[in-house]
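The primary structure of each chain is shown beneath.
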Amino acid sequence: MYIEKRQNFYAEITEFWHDLYNTEYALFDVKTEKEETIKRIRTASERIARIFYKTSSLLRQLDDKTLLQLGYPAATLRYLRYKGISHESIIARLDLVVTKNKIKLLEFNSDTPTFIKECFFVNEYICRDWQLQNPNEGSEKQLAEGIREAVEQSLNSLDYMPNGKIVFTSHIDHEEDYLTTKYLLEISGLKAEFIPLHELQLVDEDVIQNGEIVVPRGLYTLDNERIDVLYRQTYPLEYLINDKDAATGASVGELLLQLVANRQLAIINPPSSFLLQSKAVMSLIWGLHEQKHSFYSEEEHCWIGQYFLPTFLDKEPFRNNQAAYVKKPSFGREGDTVSIYQADGTLRHEDAHKNYASELAVYQQYIDLPQIDIQTEQGIERASIMYGSFIINGKPSAIGIRAGSQITNNASYYLPVAICEQGENHSE
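Under the annotation held in an unreviewed UniProt entry, the protein chain carries the name Glutathionylspermidine synthase family protein and is attributed to Peribacillus faecalis.

Rendered as structure tokens:
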């Protein structure tokens, strides 16, 4: 019965990946929360975001050596401090542990967060079907307005803007990335187009004929239209910076960032969002908090103590205090290369993927994720849940839940969320 209901329901939602990698992803189940809990999450999200965005001003003052110690790739250093628009990031997502008594931050995905269409679009459909209140009501409008504002500011920041050519891009062969990007383009209402990453052309030097520039250096479409704003929601900057031209070996990513620094191209999210992406930033925030540093106000120190977990660049503080901890790569994603250690230092659990093993490691105090029963095609499962809370142009927005193991990864489910004063799981 569940399988049939689920398939029939999601068949009505076009261009959505309710199954991923041929397995169930989006559940036909709802986790309900009291309105008070939703308000707590939004309050916490706004305060946490304010801490990060304030810290960005400090990060820009650090020298290159210190930035390298925080895990930033050397090739990005000359671009990290650039800020072309008023907001540090346009779409960002906080990953939170939420219980009755506390809310704790696990990490801040400020550069290329996914989980967007699920929270801003699909959640409304399932709440309507189940006749429950959607906690994300109005968030899609907020998202669309945020995108338009960012694009407008980006265009205004450029020294050269012939036609205001706006392009949204992603890998065409990755269903989630492609459909997420297409969704953002559609709701934006902008006069823009989608072009796959592999169809973008980079002209790294001005083409001069008879002493005149006939083709300025820049990013172009296959039709030789110069691009002014590139929306790269799902393509991380740490991947971009390593891109090489297959034929020449040229550093395509670095050349593209040079265009950004020279105000010949704008990218969204902007480079400033990458400045906050490193998980090592949480160790900086926690270190300043332990010192009671005057950079943060007394109120902000209270917020850090309330919402942040102790985070360091080495494991010794946890070993000395016999506390369980998590080892994370500074720029890892989807739980890749994450390990959980017990208080005595023995390995408790680790993700099978090791794609970020060479990156700077960050050590964070371990905290149990809450567990609930969820309905799946395999029956009732016991799952750990983590809340994603979006920040749009600095303001709290939609929320959603991932359900899976203690390490949230690509195998985790999407669990819709609704407001109900009973605050129970409404499984069928």
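1. Focus: the environment of Gln258
Note on placement: Gln258 falls in helix α9 (residues 252-261). Between the C-alpha atom of Gln258 and that of Tyr79, which follows or precedes it by 179 residues, the distance is 7.9 Å.

2. What about the packing of helix α5 (residues 116-129) against helix α6 (residues 139-157)?
Where α5 meets α6, the axes come as close as 8 Å, and the angle between the chain directions of the two elements is 130 degrees. Between α5 and α6, the angle falls in the class oblique. Of the residues in α6, those in contact with Ile116, Phe120 and Phe121 of α5 are Ser139, Glu140 and Leu143. For the contact of α5 with α6, the per-class residue count stands at 4 nonpolar, 1 polar and 1 charged.

3. Description of the packing of aromatic side chains
Two aromatic rings, taken as a pair, are described by how far apart their centres are and by the angle between their planes. Overall, the coordinates contain 24 aromatic pairs when judged by the stated rule. Judged by centre distance (4.6 Å) and plane angle (40 degrees), the ring pair of Phe52 and Phe108 falls under tilted. Here the residue Phe52 occupies a position in helix α2 (residues 35-59), and Phe108 occupies one in strand β5 (residues 103-109), the gap between them amounting to 56 residues. The same class applies to Phe52 as to Phe108, namely buried. These aromatic residues form a ring-pair network of at least three members: Phe9, Tyr10, Phe16, Trp17, Phe28 and Trp130. For the cation-ring pair, Lys54 lies above Phe295, with the distance from its terminal atom to the ring centre recorded as 5.3 Å. Geometry around Tyr125 places Arg128 over its ring, the cationic atom sitting 5.1 Å from the centre.

4. Some details on the nonpolar core
Formed by 128 residues in total, the largest nonpolar core has its most connected members in Phe52, Tyr72, Leu143 and Phe308. With 10 residues, α2 is the largest single contributor of residues to this core. Apart from the residues within four sequence positions on either side, Tyr72 is in contact with Leu59, Leu67, Leu77, Leu80, Phe274, Leu275, Leu276, Ser278, Val281 and Phe331. Core analysis: the second largest hydrophobic core is formed by 6 residues, Leu106, Ile367, Leu369 and Met386 among them.

5. Let's talk about the pattern of salt bridges
For the structure shown, the criterion picks out 16 salt bridges. Among the ionic contacts, a cluster of salt bridges with common partners joins Arg6, Asp19, Glu24 and Glu377.

Cut-offs and rules
Residues numbered from 1 in each chain as written. Predicted model: local features only at pLDDT ≥ 70, side-chain atom pairs only at ≥ 80, totals over all residues. Heavy atoms only, no water. Helix = DSSP H or I, 4+ residues; strand = E, 2+ residues; numbered from the N terminus. Axes fitted to C-alpha atoms, helices over the stretch in contact; angles between N-to-C directions. Parallel < 35°, antiparallel > 145°, perpendicular 65-115°, else oblique. Contact = heavy atoms within 4.5 Å. Nonpolar A, V, L, I, M, F, W, Y, C, P; charged D, E, K, R; others polar. Phe/Tyr/Trp six-rings, centres within 6.5 Å; stacked < 30°, edge-to-face > 60°. Buried < 20%, exposed > 50% of the residue type's maximum accessible area, 1.4 Å probe, protein only. Lys NZ or Arg CZ within 6 Å of the ring centre and 35° of its normal. Core = buried A, V, L, I, M, F, W, Y, C linked by side-chain atoms within 4.5 Å. Salt bridge = Lys/Arg side-chain N within 4 Å of Asp/Glu carboxyl O.

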